[in-house]
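Single-letter residue listing:
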2 protein chains.
Amino acid sequence: EACAKVIDGKATAKQIREEIAIEVSRMMDAIGVVPGLAVILVGDRKDSATYVRNKKKACESVGIKSFEVNLPENTQEEEVLKFIEGFNEDPAVHGILVQLPLPSHMNEQSVLNAVSIEKDVDGFHPLNIGRLAMRGREPSFVPCTPKGCIELLHRYNIDIKGKRAVVIGRSNIVGMPAALLLQREDATITIVHSRTPNAEEITRQADIIIAAVGRANMVRGSWVKPGAVIIDVGINPVEDAKNSKGYKLVGDVCYDEACKVASAITPVPGGVGPMTIAMLLSNTLTSARRAHDFR
Amino acid sequence: EACAKVIDGKATAKQIREEIAIEVSRMMDAIGVVPGLAVILVGDRKDSATYVRNKKKACESVGIKSFEVNLPENTQEEEVLKFIEGFNEDPAVHGILVQLPLPSHMNEQSVLNAVSIEKDVDGFHPLNIGRLAMRGREPSFVPCTPKGCIELLHRYNIDIKGKRAVVIGRSNIVGMPAALLLQREDATITIVHSRTPNAEEITRQADIIIAAVGRANMVRGSWVKPGAVIIDVGINPVEDAKNSKGYKLVGDVCYDEACKVASAITPVPGGVGPMTIAMLLSNTLTSARRAHDFR
Ligand SMILES: NC(=O)C1=CN([C@@H]2O[C@H](COP(=O)(O)OP(=O)(O)OC[C@H]3O[C@@H](n4cnc5c(N)ncnc54)[C@H](OP(=O)(O)O)[C@@H]3O)[C@@H](O)[C@H]2O)C=CC1
Ligand SMILES: NC(=O)C1=CN([C@@H]2O[C@H](COP(=O)(O)OP(=O)(O)OC[C@H]3O[C@@H](n4cnc5c(N)ncnc54)[C@H](OP(=O)(O)O)[C@@H]3O)[C@@H](O)[C@H]2O)C=CC1
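Just so it is clear, the structure is predicted and the values come from calculations on it, not from any experiment.

A. Expanded view of the overall build of chain A. Within chain A, the secondary structure is distributed over ten helices and eleven strands. In terms of C-alpha radius of gyration, chain A reaches 19 Å, essentially the compact-globule figure of 19 Å for 295 residues. Along the first, second and third principal axes, the C-alpha atoms of chain A reach 55 × 40 × 35 Å. Per-residue burial over chain A gives 54% buried out of 295 residues. Surface accessibility of chain A: about 13100 Å² in total, with carbon and sulfur atoms responsible for 50%. For chain A, the distance from the average position of its 36 positive side-chain charges to the average position of its 36 negative side-chain charges is 4 Å.

B. How the structure looks around the sheet that holds strand 4 (residues 95-98) of chain B. Residue and element names in this part refer to chain B. The strand order 3-2-4 describes an open sheet built from three strands, whose pairing is parallel. Looking at the sheet topology across the chains shown, the edges are occupied by strand 3 (65-71) and strand 4. Shown here is a sheet whose adjacent strand axes are inclined to one another by a mean of 15 degrees, direction ignored. Bridging between strand 2 (residues 36-42) and strand 3 involves seven bridges; their strand directions are parallel. Counted as the bridge partner of Val-39 is Glu-68 from strand 3.

C. Layout of the packing of helix 6 (residues 144-155) of chain A against helix 10 (residues 272-291) of chain A. Residues and elements named next belong to chain A. Following both chains from N to C, one finds helix 6 and helix 10 inclined at 105 degrees, their axes separated by 8 Å at the closest point. The pairing of helix 6 with helix 10 is recorded here as roughly perpendicular in orientation. Where helix 6 approaches helix 10, its residues Cys-144, Thr-145, Lys-147, Gly-148, Cys-149, Glu-151 and Leu-152 are matched on the opposing element by Val-272, Met-275, Thr-276, Met-279, Leu-280, Ser-282 and Asn-283. Grouping the amino acids of the contact of helix 6 with helix 10 by side-chain chemistry returns seven nonpolar, five polar and two charged.

D. Region of interest: the domain arrangement of chain A. Partitioning chain A into domains gives domain 1 (34-116) and domain 2 (143-272). The centre of domain 1 of chain A, based on its C-alpha atoms, is set 29 Å off from the matching centre of domain 2 of chain A.

E. Quick look at the relation of the copies chain A and chain B. Once chain A has been moved 0.0 Å along the axis and rotated by 180 degrees, it coincides with chain B to within an RMSD of 0.0 Å. Each copy turns onto its partner about a two-fold axis. Closest to the rotation axis within chain A is the C-alpha of Gly130(A), separated from it by 1.7 Å. A symmetric contact is evident, with 100% of the interface residues of chain A recurring at the interface of chain B.

F. Structural detail: the sheet that holds strand 4 (residues 95-98) of chain A. Residue and element names in this part refer to chain A. Read from one edge of the open sheet, three strands run 3-2-4, paired in parallel fashion. Each edge of the sheet is formed by a strand with only one pairing partner; in this case those strands are strand 3 (65-71) and strand 4. Averaged over all pairs of adjacent strands, the angle between strand axes in this sheet comes to 15 degrees, irrespective of strand direction. Both strand 2 (residues 36-42) and strand 4 contribute to a ladder of four bridges, which runs parallel. Within the sheet, the bridge partner assigned to Leu-37 lies in strand 4 and is Gly-95. In this fold helix 2 (residues 46-62) packs onto strand 2, strand 3 and strand 4, with an angle of close to 170 degrees to the strand it touches most, strand 2.

G. How the structure looks around the site of ligand 2. Close contacts around ligand 2 come from 22 residues, with Arg170(B), Ser171(B), Ser194(B), Ile235(B) and Thr276(B) the closest. One chain alone does not account for the residues near ligand 2; they come from chains A and B. Contact distances for ligand 2 include 3.1 Å between an oxygen atom and a backbone N or O atom of Ile235(B). Between an oxygen atom of ligand 2 and a side-chain N or O atom of Thr276(B), the distance comes to 2.8 Å. In isolation ligand 2 exposes 930 Å². Once the protein is present, 71% of that is buried. Sort the elements by how many residues they give to the shell around ligand 2 and helix 10 (residues 272-291) of chain B lands first, with three residues. For the shell around ligand 2, the residue count by class is nine nonpolar, ten polar and three charged.

H. Representation of the site of ligand 1. The immediate surroundings of ligand 1 are formed by 22 residues, with Arg170(A), Ser171(A), Ser194(A), Ile235(A) and Thr276(A) found nearest. Surrounding ligand 1 are residues belonging to chains A and B, so the site spans chains. In this structure, Val233(A) approaches ligand 1 through a main-chain N or O atom, which is 3.5 Å from an oxygen atom. Here an oxygen atom of ligand 1 and a side-chain polar atom of Thr276(A) are 2.7 Å apart. Per-element accounting of the shell around ligand 1 gives the leading share, three residues, to helix 10 of chain A. For the shell around ligand 1, the residue count by class is nine nonpolar, ten polar and three charged.

I. Just a nonpolar patch on the surface, in detail. All names here are of chain A. Where nonpolar side chains cluster on the molecular surface, the patch consists of Ile-235, Tyr-247 and Leu-249 and spans about 270 Å² of accessible area. Tracing the chain through its elements places Ile-235 in the loop between strand 8 (229-232) and strand 9 (236-239). Overall, Ile-235 belongs to the exposed group, its relative accessible area being 54%.

J. Structural detail: the packing of helix 5 (residues 126-133) of chain A against helix 7 (residues 175-184) of chain A. Residue and element names in this part refer to chain A. Packing of helix 5 against helix 7 leaves a shortest axis separation of 9 Å and a crossing angle of 35 degrees. Residues Ile-129, Arg-131, Leu-132 and Ala-133 of helix 5 form the contact with helix 7, whose participating residues are Met-176, Pro-177, Leu-180, Leu-181 and Arg-184. Along the lines of polarity and charge, the residues of the contact of helix 5 with helix 7 split into seven nonpolar, no polar and two charged.

K. Quick look at the interface of chain A and chain B. Facing the 34 residues of chain A at the interface are 34 residues of chain B. Here chain A packs against chain B, burying approximately 3200 Å² in sum over the two surfaces, 52% of which is carbon and sulfur. Applying the counting criterion to the chain A and chain B interface returns two salt bridges. Where chain A touches chain B, the interface holds 16 residue pairs in polar contact (both at pLDDT 80 or more). Split into classes, the residues belonging to the side of chain A that touches chain B amount to 13 nonpolar, 13 polar and eight charged. Of the strand pairs in this sheet, strand 6 (residues 188-192) of chain A and strand 6 (residues 188-192) of chain B are connected by two bridges, and their pairing is antiparallel. Note on strand 6 of chain B: the bridge partner recorded for Ile189(A) is Ile191(B).

L. Quick look at the pairing of strand 7 (residues 208-211) of chain A. Residue and element names in this part refer to chain A. On strand 7, burial covers both faces: Ile-208 and Ile-210 on one face and Ile-209 and Ala-211 on the other are all buried. Summarising the sheet, strand 5 (residues 164-168) and strand 7 pair through four bridges and their orientation is parallel. The residue bridging Val-166 from the neighbouring strand is Ile-209, located in strand 7. Sheet analysis places strand 7 next to strand 8, joined by four bridges and oriented parallel.

Calculation criteria
Residues numbered from 1 in each chain as written. Chains lettered and ligands numbered in written order. Predicted model: local features only at pLDDT ≥ 70, side-chain atom pairs only at ≥ 80, totals over all residues. Heavy atoms only, no water. Helix = DSSP H or I, 4+ residues; strand = E, 2+ residues; numbered from the N terminus. Rg over C-alpha atoms; globule rule 2.2 N^0.38 Å. Buried < 20%, exposed > 50% of the residue type's maximum accessible area, 1.4 Å probe, protein only. Areas by Shrake-Rupley, 256 points an atom, 1.4 Å probe, with all protein chains shown as cover. Lys, Arg positive; Asp, Glu negative; His and termini not counted. Charge placed at Lys NZ, Arg CZ, Asp CG, Glu CD. Pairing = 2+ DSSP bridges. Axes fitted to C-alpha atoms, helices over the stretch in contact; angles between N-to-C directions. Parallel < 35°, antiparallel > 145°, perpendicular 65-115°, else oblique. Contact = heavy atoms within 4.5 Å. Nonpolar A, V, L, I, M, F, W, Y, C, P; charged D, E, K, R; others polar. Domains from an automatic or database assignment. Least-squares fit on C-alpha atoms with pLDDT ≥ 70 in both. Near = heavy atom within 4 Å. Polar contact = N/O pair within 3.5 Å; in protein donor to acceptor, adjacent residues only side chain to side chain. Patch = residues over 30% accessible without salt bridge, like charges linked within 9 Å, V, L, I, M, F, W, Y side chains within 5 Å. Salt bridge = Lys/Arg side-chain N within 4 Å of Asp/Glu carboxyl O. Buried area = accessible area lost by both parts, 1.4 Å probe.

Written out as structure tokens, the structure is:
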């Protein structure tokens, strides 16, 4: 039976981290600068704390210095803004990341807007998104998850130019920027969302599918054109009695069905997930290089 | 024989100008403020001069004050920037427009970036484009030509939500923002460009076609799904011995063929063209209202 090539995000991310570690030490040796990433966490959501811990560990593994601020749930917005201001001005900090979601009493937009565009390694600033959308402009930073998707396509030598690409999902942080990135590489993009009546039919036209919806196993085998390449961004917990935690994580794509039709596919976990953090490290390194004009 | 409804941009633009004229005089009566639009023209391109003259005339017709600066071809970029600075600070000016193209010795990006975002009635600033692309954000101004396309759909009660829309062309000023606008209204968008191998097949899936390419009669009748709605942005001169000028203007869509298949279509001339200037007036009025918090 046919079986798609597995696009191994875990191994690719590891390789990228190794490349970054080499560049970080080359920079340290040459000009004595260590890239720095500041992470601001407000509140005590367990999942957010886990993400922040993983980012910190990843920084350490490549020699990037991490700065962490943990603030209680009831912190005032001004307090958070003060920390951002401090990091904006601190030359040892090259990237600033505000872990989302923020507590509901804060205005997410004004907090994110406070991050200086030169240090917006998340790439979520509208100015970055605008440049991403425009021909002839270059964003300072590309959002990490969509950048990770494209990086996987590149490293697996998958052609993008002239291909039909369908992105399922249009969120600001994944679907929309992923589509813009594919278009920059001359794919013909279609963006499917919750108001699309015939998602299956459209998806079946794609040479490249990026699924970023948040619905377990939504994309069935019948949605996939034979030979298509699938990047599955979704991370969804589903019940699993066999697992000691009582659940397991699956993607937006029904892997067992799709892998029989596609030519290449990312697994969940171990696909896009590890790439996101690798791209964050990459953006932080880029920012440090830019700040010190180091090539 | 079936014949599409003609979407009359000329009549619609006239109606919009009348609506704007009423609002302008209401504003004048209530708070004594007259909206102002500044247009900067560098060089002596005949087509540019015509556009600027038309904009000025349109301003006059609705009671918007126009400010005009004409600079010679060999003007230094700094000189242009100085005028922009002046208009940025002038409270009588609510919109600033730099007629493109600029002479080749100028950096278009840095000139356009100098226009204050509050007066960027062209909507070309990357910050505006970014907000246009993002869910939950609102651009200060929407670029005039794509806004005119959507306004025509609205005024002709054409449903957008849930429809398949194909935009042919992805320029920063027409195609790309038109696609983003359609997506904001919950269409499922596909963007076709010069690297799309099967443009005809894709276009035939569309309920709504926006053509912004610049190739006379490219979209043939066979490209159009029966009942589709067509907005033709293209303006292309073709030889015409019967015309005293020796040429006539046609769109990107082969009108004679397409009007037999489509349910509605814009003519060229008299379709999108007149809407562009109407939207410029509308953006200028919006800007003046915003500056004076007048509803
Ligand atoms: N691997 C990683 O590192 C990351 C993984 N993720 C995962 O990716 C997934 C998407 O995340 P995110 O983009 O933040 O999610 P959002 O909830 O912000 O966006 C989901 C998108 O999917 C669309 N959608 C919802 N239902 C359907 C449907 N039935 N058919 C088609 N489209 C639909 C929505 O459409 P509409 O706009 O109309 O509402 C929306 O655009 C999640 O599982 C998340 O956990 C996210 C970030 C990082
Ligand atoms: N009515 C009005 O007020 C206005 C009318 N116009 C008219 O609209 C048209 C488009 O203008 P503008 O957007 O500025 O033009 P641009 O030249 O900037 O963009 C043209 C777009 O068409 C694409 N394209 C070129 N050839 C093909 C092809 N064979 N198949 C598919 N796509 C193709 C290009 O693709 P790629 O990106 O791959 O190069 C590009 O994205 C022109 O005729 C212009 O005169 C423009 C502005 C205002």
